[in-house]
Amino acid sequence: LAKTTQPISMDSYEGQEVNITCSHNNIATNDYITWYQQFPSQGPRFIIQGYKTKVTNEVASLFIPADRKSSTLSLPRVSLSDTAVYYCLVGLRYGGSQGNLIFGKGTKLSVKP
Amino acid sequence: SQTIHQWPATLVQPVGSPLSLECTVEGTSNPNLYWYRQAAGRGLQLLFYSVGIGQISSEVPQNLSASRPQDRQFILSSKKLLLSDSGFYLCAWQENPYNEQFFGPGTRLTVL
């Protein structure tokens, strides 16, 4: 599975838009890009998944350039409750036949009032 | 709707003692089941996954083992705990390979 690189931490303030970028230079043709959110002492929660261009849901947007070597998770108007660790994963859709998800260390987002 | 349960929520065990963590899923049939471990300040590490009763695949060699005695029950065990077994243990289920994984509330294990 392709290795991902993302910032260890980010700080933001309430009401701001937050963009977290993930690099995945070795992404394969069949790979999807998936983002999970994890609050302290809880399991990760699926946020969004995409293959190319732009995907938007009620929680976030995912921007993927044409070369797919990176992706950006965009959180509009963050609140204190968005403080969490965000993981970028690259692999077969939702993890493939075995569902194997390779989690890195993620990006710790801290939202301040 | 589907729900996933894990217990206990927290556990403190001495080195060398046995371990049994249980995970059950409700509201679905024949799910894929997973055990992950998250050490302090680190990402999640896949330990075991199962695609059916009695079918267990191990991802990391260690002193842990897993069993799936029933369709919606997944158990993580150890005969003798090590200090390095401390961590946050998460169970997850997946309806099929084309759906996302849903994680349980986790078990915080401290080995002293």
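To keep things clear, this report deals only with the structure shown in the data block. (Residues numbered from 1 in each chain as written. Chains lettered and ligands numbered in written order. Predicted model: local features only at pLDDT ≥ 70, side-chain atom pairs only at ≥ 80, totals over all residues. Heavy atoms only, no water.)

Along its length, chain A carries zero helices and nine strands. In chain A, the order of α-helices and β-strands from amino to carboxyl end is β-β-β-β-β-β-β-β-β. The C-alpha radius of gyration of chain A comes to 13 Å, within 12% of the 13 Å expected for a compact globule of 113 residues. Dimensions of chain A, computed from C-alpha atoms along their principal axes, come out at roughly 40 × 30 × 25 Å. Across the 113 residues of chain A, 47% fall into the buried class. For chain A, contacts bridging at least 24 residues in sequence account for 58% of all contacts bridging at least 6. Each charge class in chain A was averaged separately, 11 positive and 7 negative side chains, and the resulting centres sit 6 Å apart. (Helix = DSSP H or I, 4+ residues; strand = E, 2+ residues; numbered from the N terminus. Rg over C-alpha atoms; globule rule 2.2 N^0.38 Å. Buried < 20%, exposed > 50% of the residue type's maximum accessible area, 1.4 Å probe, protein only. Contact = heavy atoms within 4.5 Å. Lys, Arg positive; Asp, Glu negative; His and termini not counted. Charge placed at Lys NZ, Arg CZ, Asp CG, Glu CD.)

Time to look at the interface of chain A and chain B. With 19 residues of chain A at the interface, the matching set in chain B holds 23 residues. Summing both partners gives a buried area of about 1,500 Å² for chain A against chain B, and 53% of it is carried by carbon and sulfur. On the surface where chain A and chain B come into contact, there are zero salt bridges. Counting across the interface, chain A meets chain B through four residue pairs in polar contact (both at pLDDT 80 or more). (Buried area = accessible area lost by both parts, 1.4 Å probe. Salt bridge = Lys/Arg side-chain N within 4 Å of Asp/Glu carboxyl O. Polar contact = N/O pair within 3.5 Å; in protein donor to acceptor, adjacent residues only side chain to side chain.)

Residue and element names in this part refer to chain A. One open sheet holds the four strands; their spatial order is S2-S7-S6-S5, and the pairing between them is antiparallel. If you trace the sheet from one side to the other, it starts and ends with strand S2 (18-23) and strand S5 (53-56), each paired once. Each neighbouring strand pair of the sheet contributes to a mean axis angle of 15°, computed without reference to strand direction. Alignment of S5 against strand S6 (residues 61-64), held across four bridges, turns out to be antiparallel. (Pairing = 2+ DSSP bridges. Axes fitted to C-alpha atoms, helices over the stretch in contact; angles between N-to-C directions.)

This part covers the nonpolar core. Ranked by size, the top nonpolar core spans 20 residues in total, and within it Ile33(A), Trp35(A), Ile47(A), Leu73(A), Leu75(A) and Tyr86(A) carry the most contacts. For this core, the secondary-structure elements that each account for two or more residues are S2, strand S3 (32-38), strand S4 (45-50), S6, strand S7 (70-75), strand S8 (84-91) and strand S9 (107-112) of chain A. A total of four residues in this core trace back to one element, the largest contributor, which is S8(A). Leu19(B), Val25(B), Leu47(B) and Ala66(B) belong to the second largest nonpolar core, which has 19 residues in total. (Core = buried A, V, L, I, M, F, W, Y, C linked by side-chain atoms within 4.5 Å.)

Quick look at the state of the cysteines now. Under the criterion given, the structure shown has two disulfides over all chains. The disulfide bridge from Cys22(A) ends at Cys88(A), spanning 2.2 Å between sulfur atoms. Taking the torsion about the sulfur-sulfur bond, which here is approximately -80°, the covalent link between Cys22(A) and Cys88(A) counts as left-handed. In this pair, Cys22(A) sits in strand S2 while Cys88(A) sits in strand S8, placing the two residues 66 residues apart along the sequence. Overall, Cys88(A) belongs to the buried group, its relative accessible area being 1%. Note on cysteine connectivity: Cys23(B) is disulfide-linked to Cys91(B), with sulfurs 2.0 Å apart. In this structure the cystine formed by Cys23(B) and Cys91(B) twists about its S-S bond by roughly -75°; its chirality is therefore left-handed. Taken as a pair, Cys23(B) in strand S3 (residues 19-26) and Cys91(B) in strand S9 (residues 87-94) lie far apart in primary sequence, 68 residues in all. Exposure class is identical for Cys23(B) and Cys91(B). Each is buried. (Disulfide = S-S within 2.5 Å.)

Next up on the list: the environment of Ala60(A). Residue and element names in this part refer to chain A. Mapped onto the elements, Ala 60 comes out in the loop between S5 and S6. Ala 60 sits in the buried class, given a relative accessible area of 1%. Ala 60 sits 14 residues away from Ser 74 along the chain, and the two C-alpha atoms are 5.7 Å apart. Excluding its chain neighbours within four sequence positions, the residues that come into contact with Ala 60 are Ile 47, Ile 48, Val 55, Leu 73, Ser 74, Leu 75 and Pro 76.

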